[in-house]
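Next come the chains, spelled out residue by residue.
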Amino acid sequence: MAGLDLPMGELATFALAIAASGVVSGLMAGIFGIGGGAVLVPVFYQVFGLLGVDEVVRMHLSVGSSLAIIIPTSIRSFTGHRAKGAVDMSLLKSFLIPVPIGVILASLTAAYISSGGLRVIFAVITLLVAFRLLFNRESWRVGADIPGNPVRAIIGMLIGYFSTLMGIGGGVMNNTFMTLFGRPMHQAVATSSGVGVLIAIPGTIGYIWAGWGNPLLPIASTGYINWIAVALVIPIALLVTPYGVRIAHALSKRQLEVGFGLFCIFVSARFFWSLL
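Residues numbered from 1 in each chain as written. Predicted model: local features only at pLDDT ≥ 70, side-chain atom pairs only at ≥ 80, totals over all residues. Heavy atoms only, no water.

## Some thoughts on the overall build of the protein
Selection rule: For the purposes of this entry, the term helix denotes a DSSP run of H or I that reaches at least four residues, the term strand denotes a run of E that reaches at least two, and both are numbered from the N terminus. To get the radius of gyration, use the C-alpha atoms; to get the globule rule, take the number of residues to the power 0.38 and multiply by 2.2 Å. Accessibility here uses a 1.4 Å probe with only protein chains present; expressed as a share of the type maximum, an area under 20% marks a residue as buried, one over 50% as exposed, and anything in between as partly exposed. Contacts are residue-level and defined by heavy atoms, with any inter-residue pair within 4.5 Å sufficient. Using the Shrake-Rupley algorithm and a 1.4 Å probe, accessible areas are obtained, with residue cover drawn only from the displayed protein chains. Here Asp and Glu are counted as negative and Lys and Arg as positive; His is not counted, and neither are the chain ends. Working definition for charges: the position is that of NZ of Lys, CZ of Arg, CG of Asp or CD of Glu.
Of regular secondary structure, the protein possesses 11 helices and 2 strands. When the elements of the protein are put in sequence order from the N terminus, they spell out α-α-α-α-α-α-α-α-α-β-β-α-α. Compactness check: the protein gives a C-alpha radius of gyration of 17 Å against a globular reference of 19 Å for 276 residues, within 12% of the reference. Considered along the principal axes of its C-alpha atoms, the protein spans approximately 55 × 35 × 35 Å. Expressed as a percentage of the 276 residues in the protein, the buried residues total 55%. Counting contacts in the protein only where the partners sit at least 6 residues apart, residues at least 24 apart contribute 80% of the total. If you sum the accessible surface of the protein, you get close to 11100 Å²; carbon and sulfur atoms cover 72% of it. Here the protein contributes 15 positive and 8 negative side-chain charges, whose respective centroids are spaced 12 Å apart.

As structure tokens, this is what we get:
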């Protein structure tokens with residue numbers, strides 16, 4: 001890996017950047033139920049670039065490593081929200097099959113999408129979600145309650161598919177889906193943490209398969225998962241996630257929406273900038 005030739009001081013700086021992203025991603029997982037991927041993917045993309053990881057695999061490695069980290073952070077966030085009785089378990093159970101199907105389909109196509117293509121998907125979807133949250137109007141509701149099957153199953157598959165391509169835990173899309181059908185933001189956030197578990201586990205396995213044996217991958221990688229990045233972030237993210245859950249339940253619905261929307265704009269802008 002080219003980055004191993006860098007001075008130790010620079011490597012230490014990069015390690016600190018990844019560790020800091022662990023703090024932010026853990027808080028985001030608790031506050032917004034997003035698993036932290038919206039933070040981790042852009043940070044990983046920059047750090048892997050500074051370490052000399054080839055552009056061809058850099059975005060895929062960022063997405064895959066993010067999904068691996070989302071497994072424990074989503075579980076931790078889900079247990080915290082469930083303890084507060086905020087999770088819609090009925091909706092979550094109905095996603096048990098559709099969401100993983102979407103994840104599998106995304107894993108099968110991920111190897112054939114370019115790094116730039118993944119960045120465009122990431123940037124466009126987060127920007128659309130940001131506008132929905134920041135300019136939210138009651139009249140934007142699609143219906144009074146979440147639809148049943150087959151519409152619900154199709155939406156679940158789409159959430160799993162695009163979230164896996166983005167390396168996020170599904171909160172970005174599931175929050176939007178639930179609030180469009182009149183569900184409270186707090187319930188959407190809490191339920192999204194459970195959706196993150198359904199996405200991250202099969203998604204991690206899928207990205208290992210998709211990148212298996214790629215010669216461009218850096219040291220300590222299994223497919224598109226880099227275990228050095230995973231090992232640095234997970235302990236920190238797990239430690240701070242419960243604090244994010246507390247913050248989420250202390251904020252109003254509108255505060256959560258505006259905060260999440262501004263965050264999505266920042267992330268989207270960063271990726272559009274990387275395409276220039």
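After that view of the structure, there is still more to cover.
## As for the packing of helix 7 (residues 151–166) against helix 8 (residues 171–180)
Let me state the cut-off plainly: Lines fitted to C-alpha atoms define the axes here, with helix axes fitted over just the stretch in contact, and angles between the N-to-C directions of these axes take values from 0 to 180 degrees. Note on terminology: angles under 35 degrees are roughly parallel, angles over 145 are roughly antiparallel, angles of 65 to 115 are roughly perpendicular, and the others are oblique. When residue character is reported, Ala, Val, Leu, Ile, Met, Phe, Trp, Tyr, Cys and Pro are called nonpolar, Asp, Glu, Lys and Arg charged, and the others, Gly included, polar.
One way to put it is that helix 7 packs onto helix 8 with a least axis distance of 9 Å and a crossing angle of 150 degrees. With respect to their mutual orientation, helix 7 and helix 8 come out roughly antiparallel. Across the interface between the two elements, Ile155, Leu158, Ile159, Phe162, Ser163 and Met166 of helix 7 pack against Met173, Asn174 and Phe177 of helix 8. Classifying every residue of the contact of helix 7 with helix 8 by side-chain character gives 7 nonpolar, 2 polar and no charged.

## Details of the packing of helix 3 (residues 55–83) against helix 10 (residues 227–250)
Selection rule: For any helix crossing, the convention is left-handed if the near helix is rotated counterclockwise from the far helix by under a right angle, and right-handed if that rotation is clockwise.
With their axes 9 Å apart at the nearest point, helix 3 and helix 10 run at an angle of 30 degrees to one another. As summarised for this structure, helix 3 and helix 10 are arranged roughly parallel, according to the angle between their axes. Handedness of the crossing formed by helix 3 with helix 10: right-handed. Residue-level contacts link Ser65, Ala68, Ile69, Pro72, Thr73, Arg76, Ser77, Gly80 and His81 of helix 3 to Ala229, Val230, Val233, Ile234, Ala237, Leu238, Thr241, Pro242, Val245, Ala248 and His249 of helix 10. Class assignment of the residues belonging to the contact of helix 3 with helix 10 gives a composition of 12 nonpolar, 7 polar and 1 charged.

## Some words on the pattern of salt bridges
Worth spelling out the cut-off: One side-chain nitrogen of Lys or Arg within 4 Å of one carboxyl oxygen of Asp or Glu is enough to make a salt bridge.
A complete count under the given rule lists 4 salt bridges for this structure. Of the charged contacts in the structure, one is a salt bridge between aspartate 88 and arginine 183, with a shortest N-O distance of 2.4 Å. Here arginine 183 lies in the loop between helix 8 and helix 9 (185–210) and aspartate 88 lies in the loop between helix 3 and helix 4 (89–94), a separation of 95 residues in the sequence. Judged on exposure class, the residue aspartate 88 and its partner arginine 183 are both buried. When the shortest N-O distance is used, the salt bridge between arginine 183 and aspartate 145 registers 3.1 Å. One end of the pair, arginine 183, is in the loop between helix 8 and helix 9; the other, aspartate 145, is in the loop between helix 6 (115–134) and helix 7, and 38 residues separate them in sequence.

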